[in-house]
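Listed below, chain by chain, are the residues.
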Number of protein chains: 2
Amino acid sequence: MEKLDQDEKEPLYTEIEEALAIEDIHRFRDEFLDMHPYDQSELFEELNETERHLVYSYLSPEEMADVIEHIDKDRVGDVITEMNPTYAAEVLAEVATDDAVDILNDLDKDKVASYLTIMEEEAADEIKDLLHYEEKTAGSIMTTEFVVVTTEMNVKQAMRHLRQEAPDAETIYYIYVVDQDRKLVGVISLRDLIIADGAEIIEDLMSDRIVSVSVGDDQEQIAQMMRDYDFLALPVVDFQHHLLGIITVDDIMDVMEEEANDDYSKLAGVDVDAAELTSIQAAKNRLPWLIILMFLGLFTASIIGRFEATLDQVALLAIFLPLIAGMAGNTGTQALAVAVRGIATGEFQKQGLSKIVMRELTTGVIIGVTCGLSIWGIIYIWQGTLFLGFVVGLSIMTTLLVATVSGALVPLLMHYFKVDPAVASGPFITTINDIISVVIYFGLATMFMQFLI
Amino acid sequence: MEKLDQDEKEPLYTEIEEALAIEDIHRFRDEFLDMHPYDQSELFEELNETERHLVYSYLSPEEMADVIEHIDKDRVGDVITEMNPTYAAEVLAEVATDDAVDILNDLDKDKVASYLTIMEEEAADEIKDLLHYEEKTAGSIMTTEFVVVTTEMNVKQAMRHLRQEAPDAETIYYIYVVDQDRKLVGVISLRDLIIADGAEIIEDLMSDRIVSVSVGDDQEQIAQMMRDYDFLALPVVDFQHHLLGIITVDDIMDVMEEEANDDYSKLAGVDVDAAELTSIQAAKNRLPWLIILMFLGLFTASIIGRFEATLDQVALLAIFLPLIAGMAGNTGTQALAVAVRGIATGEFQKQGLSKIVMRELTTGVIIGVTCGLSIWGIIYIWQGTLFLGFVVGLSIMTTLLVATVSGALVPLLMHYFKVDPAVASGPFITTINDIISVVIYFGLATMFMQFLI
């Protein structure tokens with residue numbers, strides 16, 4: 001288990017690639033297996049297909065499994081499928097169960113089936129059990145490789161059992177205690193275990209009211225919990241409190257990264273997690289949203305079109321269009337961002353809908369009045385026309401209020417109705433607020449027309 | 001160490017608050033100390049000042065330290081300062097060193113000094129050492145409570161040493177091996193240690209090329225590293241490879257949350273991490289950006305003002321202002337988001353500036369041409385005027401290209417020049433792109449005026 005600095009890496013990598021070039025299996029294995037699995041995977045991803053196939057023939061399924069566990073999620077599927085099926089199945093059997101499930105979930109059903117049939121039964125069964133669980137639930141990120149002891153064991157027996165289980169277990173630092181029907185009754189940390197006297201009975205040592213998550217729980221809440229309670233692992237139970245698996249902190253770090261990227265992508269209206277290697281991929285990634293927004297923009301245009309008469313009379317009105325639309329968009333995005341994070345951290349659920357709506361309403365009023373009045377003043381000084389400033393200021397005031405409330409309400413309502421809030425992405429809210437602001441602006445302008453001309 | 005479900009919590013909390021009300025110290029201690037520190041802190045934060053002072057008199061500094069470690073970062077400072085200084089100092093001495101440093105960093109200098117003088121020397125020295133380090137560096141998040149063994153120890157001796165150290169150490173699951181001048185020479189996991197034979201020598205068991213970070217490293221890179229290598233702790237060394245401290249995964253989870261919030265806040269132009277309890281706080285949090293953007297928006301307005309002649313002749317032009325500005329803004333935000341994440345994950349550094357610029361350029365062309373041509377077609381069909389569509393389409397094409405490149409370049413250049421990329425927040429980029437798009441649009445319109453009227 002070793003890691004290198006970037007400057008140590010490159011020479012070693014080339015050395016290993018040379019070993020592959022001259023098909024020197026011994027030198028390859030010496031150097032390659034000496035590295036940390038993450039570095040192994042990094043090097044592996046640099047190799048071409050012929051080199052990769054050499055690696056498959058040089059490494060045992062168990063050795064290859066370490067590499068696989070660290071390969072980029074988007075690519076690992078292709079790697080598995082290019083192996084010969086028997087080898088692939090053996091590798092998958094050696095990969096940590098939860099990772100194996102992640103990989104198989106991205107392959108097409110019949111491939112999965114064939115791998116599972118070739119695979120040795122025990123491993124296959126473990127994987128099948130996990131394949132049922134919905135994505136992003138506790139079940140989908142838990143592993144079944146954990147250590148359990150029973151209440152009546154003493155510390156000495158528990159330690160002996162632990163030593164046997166350690167090699168296969170995902171973590172041995174929390175040991176879970178179950179009763180005869182495999183119900184979770186306690187937990188004890190290895191720390192307490194090694195300090196304890198050998199003769200002590202587990203039941204007396206274990207903590208009996210333990211933190212557990214149920215198999216259907218959402219992964220984001222679980223991440224929240226792990227961060228709050230500083231655990232290294234969490235047990236996963238069914239509704240009858242049977243111990244089904246454990247979730248380890250390393251998987252939770254991946255979940256946190258994933259969730260952060262999701263929120264960020266929604267706000268930006270682009271999948272920031274997608275590896276954009278070519279400009280074609282980049283364009284494919286960004287165009288869909290832009291097309292939608294283009295049509296929303298055209299809709300906005302058609303609305304302004306209805307006010308052409310107003311525009312013809314006071315072309316000056318157009319000057320402030322971007323200002324009003326822009327500020328409405330920004331305010332909406334701010335409110336949206338605060339709401340999305342508030343929901344993610346559970347802060348909003350605590351406060352309750354009505355309280356939040358009231359606050360956003362008042363916030364909108366404060367923001368609206370502040371900006372609206374300043375705009376009025378500035379335009380009066382700048383243009384000398386009292387009424388143009390009044391119309392613009394009033395429009396800003398109203399749009400900011402509407403934008404704040406809608407920006408907060410949209411994600412809240414979607415969360416409430418369990419709709420995927422992806423549609424409430426930043427650009428979407430922005431564009432909606434563009435439309436609203438334009439209607440308000442020209443509506444008011446038309447209303448006060450006689451004062452403007 | 002126990003945690004409760006939400007529905008169990010409330011009754012227990014009220015029970016404890018009753019115990020406080022009737023000043024029943026025994027019932028309070030029984031119930032309160034029976035909970036997980038996180039739940040203790042959650043309850044504590046619900047208490048009023050009189051109740052809190054009762055708690056200080058009921059709990060030993062050591063017991064209070066557990067509560068403090070889990071209290072919201074924004075509030076913990078006030079809690080410490082309301083305690084009587086001696087008690088506060090004793091509590092801070094018991095808190096994990098890295099957390100104590102976080103707390104003290106938020107207090108004003110002379111308070112810190114007085115606490116450190118009251119505090120028992122050893123703890124005070126440990127804290128002083130950490131106070132020097134810059135925020136967001138390895139030094140500021142590391143703890144000095146770790147277990148070291150020496151190369152010549154055998155497993156039996158190491159385990160004995162471990163049992164003594166365990167109670168104070170932040171983690172005992174990685175044991176670090178140092179030579180006589182405290183230089184880090186190896187690491188061994190408790191897992192390997194308990195499997196090993198008692199007579200084996202540490203030097204033969206330990207892995208000798210280990211992952212370490214240097215004390216000045218950025219916390220975001222360290223988080224990245226921990227996630228990649230799935231470590232539970234990382235050793236922190238100085239330039240001579242002396243072991244200074246360790247960073248544990250629970251602190252890294254907080255770092256990840258913090259960094260995710262930062263990026264998200266920048267994109268939204270609002271601090272989403274700020275607890276917005278009143279609408280005044282919310283407005284204070286959101287107004288600064290809006291004011292800046294208001295003036296940028298007025299600047300945009302003044303630019304359009306210069307084209308008043310053009311507007312007077314073809315008021316129809318105004319119709320497409322929000323469309324063009326909006327799309328420019330969205331494209332810029334997309335490019336910005338991809339760049340910011342690319343920098344954060346180190347993906348961009350790997351690819352190199354020129355490669356990225358080239359890609360963004362081509363991406364901009366693809367996006368621009370696609371949207372520009374469709375707009376042209378649509379407007380032609382809709383309005384029947386070939387040239388208006390041409391001007392709008394050409395403007396879209398150019399602005400999208402500019403927006404894409406600028407959106408990617410701005411954060412890259414700021415990263416390159418080590419400027420805080422906070423200024424490149426989403427709304428800022430959006431507004432800049434508003435201005436650019438307006439200039440291009442009206443510039444082209446004025447150029448082709450004779451065809452438009």
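As the structure is a prediction and not an experimental result, all values here were calculated from the model. (Residues numbered from 1 in each chain as written. Chains lettered and ligands numbered in written order. Predicted model: local features only at pLDDT ≥ 70, side-chain atom pairs only at ≥ 80, totals over all residues. Heavy atoms only, no water.)

1. Focus on the UniProt feature "transmembrane region" (unreviewed entry) in chain A
Residue and element names in this part refer to chain A.
In step 1: Here the UniProt-annotated "transmembrane region" (unreviewed entry) positions come out as residues 287-307, 313-340, 361-382 and 388-414.
In step 2: The distance from the first to the last C-alpha atom of residues 287-307 is 30 Å, and the span holds 95% helix and 0% strand.
In step 3: Helix makes up 75% of residues 313-340 and strand 0%, and the two end C-alpha atoms of the span are 42 Å apart. (UniProt positions renumbered as here; feature names shortened; annotations may be inferred. Helix = DSSP H or I, 4+ residues; strand = E, 2+ residues; numbered from the N terminus.)

2. Notes on the interface of chain B and chain A
In step 1: With 120 residues of chain B at the interface, the matching set in chain A holds 120 residues.
In step 2: Considering only the side of chain B, the residues that lose the most area to chain A are B:Arg191, B:Arg209 and B:Tyr264, jointly responsible for 8% of the buried surface there.
In step 3: For A:Arg341, the salt bridge is made with B:Glu257, and the minimal N-O distance between the two is 3.0 Å.
In step 4: At 18 residues, helix H17 (residues 279-306) of chain B tops the list of elements feeding residues into the side of chain B that touches chain A.
In step 5: Among the residues forming the side of chain B that touches chain A, the class breakdown is 66 nonpolar, 26 polar and 28 charged. (Contact = heavy atoms within 4.5 Å. Buried area = accessible area lost by both parts, 1.4 Å probe. Salt bridge = Lys/Arg side-chain N within 4 Å of Asp/Glu carboxyl O. Nonpolar A, V, L, I, M, F, W, Y, C, P; charged D, E, K, R; others polar.)

3. Remarks on the packing of helix H5 (residues 61-70) of chain A against helix H7 (residues 85-94) of chain A
All names here are of chain A.
In step 1: H7 packs onto H5 with a crossing angle of 70° between their chain directions and a minimal axis gap of 8 Å. Classified by the angle between their axes, H5 and H7 sit roughly perpendicular to one another. The interaxial crossing formed by H5 with H7 has right-handed handedness. Seen from H5, the contacting residues are Pro61, Glu62, Met64, Ala65, Ile68 and Glu69; seen from H7, they are Tyr87, Glu90, Val91 and Glu94.
In step 2: Partitioning the contact of H5 with H7 into residue classes produces six nonpolar, no polar and four charged. (Axes fitted to C-alpha atoms, helices over the stretch in contact; angles between N-to-C directions. Parallel < 35°, antiparallel > 145°, perpendicular 65-115°, else oblique. Left-handed = near helix turned anticlockwise from the far one by under 90°.)

4. Observations concerning the relation of the copies chain B and chain A
In step 1: Expressed as a screw operation, the relation of chain B to chain A combines 0.1 Å of axial shift with a rotation of 180°, fitting to an RMSD of 0.1 Å. Taken together, the rotation angle and the small translation identify this as a two-fold axis.
In step 2: When you check the interface residues of chain B against chain A, 99% turn up at the interface there too, and the contact is symmetric in its surfaces. (Least-squares fit on C-alpha atoms with pLDDT ≥ 70 in both.)

5. Observations concerning the domain arrangement of chain A
Interface extent is often summarised as the accessible area lost during association of the parts.
Residue and element names in this part refer to chain A.
In step 1: Domain boundaries in chain A define domain 1 (6-135), domain 2 (146-265) and domain 3 (279-451).
In step 2: A separation of 28 Å is found between the C-alpha centroids of domain 1 and domain 2.
In step 3: For the domain 1 and domain 2 pair, buried surface summed over both sides reaches about 290 Å², with 45% attributable to carbon and sulfur atoms.
In step 4: The interface formed by domain 1 and domain 2 holds zero residue pairs in polar contact (both at pLDDT 80 or more) in total.
In step 5: Residue classes in the side of domain 1 that touches domain 2 are distributed as two nonpolar, no polar and two charged. (Domains from an automatic or database assignment. Polar contact = N/O pair within 3.5 Å; in protein donor to acceptor, adjacent residues only side chain to side chain.)

6. Quick look at the packing of aromatic side chains
In step 1: Under the counting rule described, the total for this entry stands at 29 aromatic pairs over all chains.
In step 2: Their ring planes at 55° and their centres at 5.6 Å tell us that A:Phe28 and A:Tyr58 sit as a pair that is tilted. Placement of the pair is A:Phe28 in helix H2 (residues 25-33) and A:Tyr58 in helix H4 (residues 49-58), with a sequence separation of 30 residues. Summarising the burial analysis for this pair, A:Phe28 and A:Tyr58 share the class buried.
In step 3: Here A:Tyr38 and B:Tyr229 contribute two aromatic rings whose centre-to-centre distance is 4.8 Å and whose plane-to-plane angle is 65°, an arrangement assigned as edge-to-face. Residue A:Tyr38 is found in helix H3 (residues 37-46), and its partner B:Tyr229 is found in helix H15 (residues 219-229); the two belong to separate chains.
In step 4: Residue classification places A:Tyr38 among the buried residues on the basis of a relative accessible area of 16%.
In step 5: Relative accessible area serves as the criterion here: at 4%, B:Tyr229 is assigned to the buried category.
In step 6: What links up through ring pairs into an aromatic cluster is the set A:Tyr38, B:Tyr174, B:Tyr229 and B:Phe231. (Phe/Tyr/Trp six-rings, centres within 6.5 Å; stacked < 30°, edge-to-face > 60°. Buried < 20%, exposed > 50% of the residue type's maximum accessible area, 1.4 Å probe, protein only.)

7. Here's the deal with the nonpolar core
In step 1: Counting 196 residues, the largest nonpolar core has A:Met64, A:Ile68, A:Leu190, B:Met64, B:Ile68 and B:Leu190 as the members making the most contacts within it.
In step 2: Filtering out sequence-adjacent residues up to four positions away, A:Met64 remains in contact with A:Phe44, A:Val55, A:Tyr56, A:Leu59, A:Met83, A:Tyr87 and A:Val91. (Core = buried A, V, L, I, M, F, W, Y, C linked by side-chain atoms within 4.5 Å.)

8. Side note on the pattern of salt bridges
Close approach of charged atoms allows side chains with opposite charge to pair.
In step 1: With the rule as written, the count across this model stands at 26 salt bridges over all chains.
In step 2: Counted as one network, the salt bridges with shared partners bring together A:Arg227, A:Asp263, A:Arg341 and B:Glu257.

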